[in-house]
Every structure is written in structure tokens, then in C-alpha cells.
Amino acid sequence: VQLQASGGGSVQSGGSLRLSCAASGRTFSGLDMGWFRQVPGKEREFVAVIRRNGHTTYRTNSVRGRFTISRDNAKNTAYLQMNGPKPEDTAVYYCAAGEGIEVTTIRFSRAYNYWGQGTLVTVSS
């Protein structure tokens, strides 16, 4: 599976930004699609995931009510809609994919087999 993340950039706090993750090489509808983020010197952090069923989602507490994950199987693309981002959301965002991930491990990067290249999001106050 090849993943291509895009949509990063600079945004002011309180604005909005949408990240996209285009997948190829495998049946997209069979993949759980996740987003992680990382800042220098810290471990990669789980942000959100959407199950292959298209409606089961999990988000880390810090983004609930602000970020929404979705997918469009017809376009082989997953999205992360970032509304009201804060400066602390500044990071490189990575999309990831896996198959049949156990719910107990779904927030761990090791559960995902495929990774995109990352896209930088910078939120200014």
C-alpha cells in the first residue's frame, strides 16, 4: 500500500485545514485508516482512526470536538478535518493504514503496517 498525505500548511489558531491521505496498491475499503502526529523530540502520537466500515472512529481526547476523520472509498482517500486548531497541534502529520487492527492496539503506531510521508501543519496564535 502506498499512502500520500497532503494538505498541510500554515493556519491561524481558530481557522481550519483539511488533510488528505490518498491510498493505492490495495483495496482501500479493507483498510483501517489512521492519523498520527509527531513533533521533534517526541514520540509519534495517535490522533484519529476510522475503521474500514466507514463509521467507527476513535480520536485522542485533545482533538475531540475539533478534528473529524472521514473517508471516501470511491476516491481511495481518508481525510482529517481540523477545525479550530491550536498552536499545540503544530506537528508533522502522518497517515497510516492497517488491516483488522485490534481495538486494544488501535492507538499504537506499531499496529499499522503502512505509512505516508508526513505533511507539516503549523498553527500560529
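Caption draft 1: Examining the overall build of the chain more closely. Regarding its fold elements, the chain presents 0 helices and 11 strands. For the chain, the α and β elements follow one another from N to C terminus as β-β-β-β-β-β-β-β-β-β-β. Rg of the C-alpha trace for the chain: 13 Å, near the compact-globule value of 14 Å for 125 residues, within the 12% margin. When its C-alpha atoms are laid out on the principal axes, the chain stretches across 40 × 30 × 25 Å. Split into buried and exposed, the 125 residues of the chain put 42% on the buried side. Taking as baseline every contact in the chain between residues at least 6 positions apart, the subset at least 24 positions apart corresponds to 58%. Accessible area for the chain stands at about 6,300 Å²; split by element, carbon and sulfur atoms hold 44% of it. Separation of charge centres in the chain, based on 15 positive and 8 negative side chains, amounts to 3 Å.

Caption draft 2: Seen up close, the side chain of R51. Topologically, R51 is positioned in the loop between β5 (45-50) and β6 (57-59). R51 gets classed as buried once you look at its relative accessible area, which sits at 13%. Apart from residues lying up to four places away in sequence, R51 is in contact with L31, D32, T56, Y58, R71, I101, E102, V103 and I106.

Caption draft 3: Focus on the pairing of strand β3 (residues 16-24). Relative to β3, strand β1 (residues 2-6) runs antiparallel, the two sharing 5 bridges. Pairing of Q4 across the sheet is with A22, part of β3. By the bridge criterion, 7 bridges tie β3 to strand β8 (residues 77-83) in an arrangement that is antiparallel. The residue of β8 that forms the bridge with A22 is T77.

Caption draft 4: A look at the sheet that holds β3. Taken in spatial order, the 4 strands make up an open sheet running β1-β3-β8-β7, and their pairing is antiparallel. In this open sheet, the two strands that pair with only one neighbour each are β1 and β7 (67-72). Direction aside, the axes of adjacent strands within the sheet are offset by 15 degrees on average.

Definitions and limits used
Residues numbered from 1 in each chain as written. Predicted model: local features only at pLDDT ≥ 70, side-chain atom pairs only at ≥ 80, totals over all residues. Heavy atoms only, no water. Helix = DSSP H or I, 4+ residues; strand = E, 2+ residues; numbered from the N terminus. Rg over C-alpha atoms; globule rule 2.2 N^0.38 Å. Buried < 20%, exposed > 50% of the residue type's maximum accessible area, 1.4 Å probe, protein only. Contact = heavy atoms within 4.5 Å. Areas by Shrake-Rupley, 256 points an atom, 1.4 Å probe, with all protein chains shown as cover. Lys, Arg positive; Asp, Glu negative; His and termini not counted. Charge placed at Lys NZ, Arg CZ, Asp CG, Glu CD. Pairing = 2+ DSSP bridges. Axes fitted to C-alpha atoms, helices over the stretch in contact; angles between N-to-C directions.

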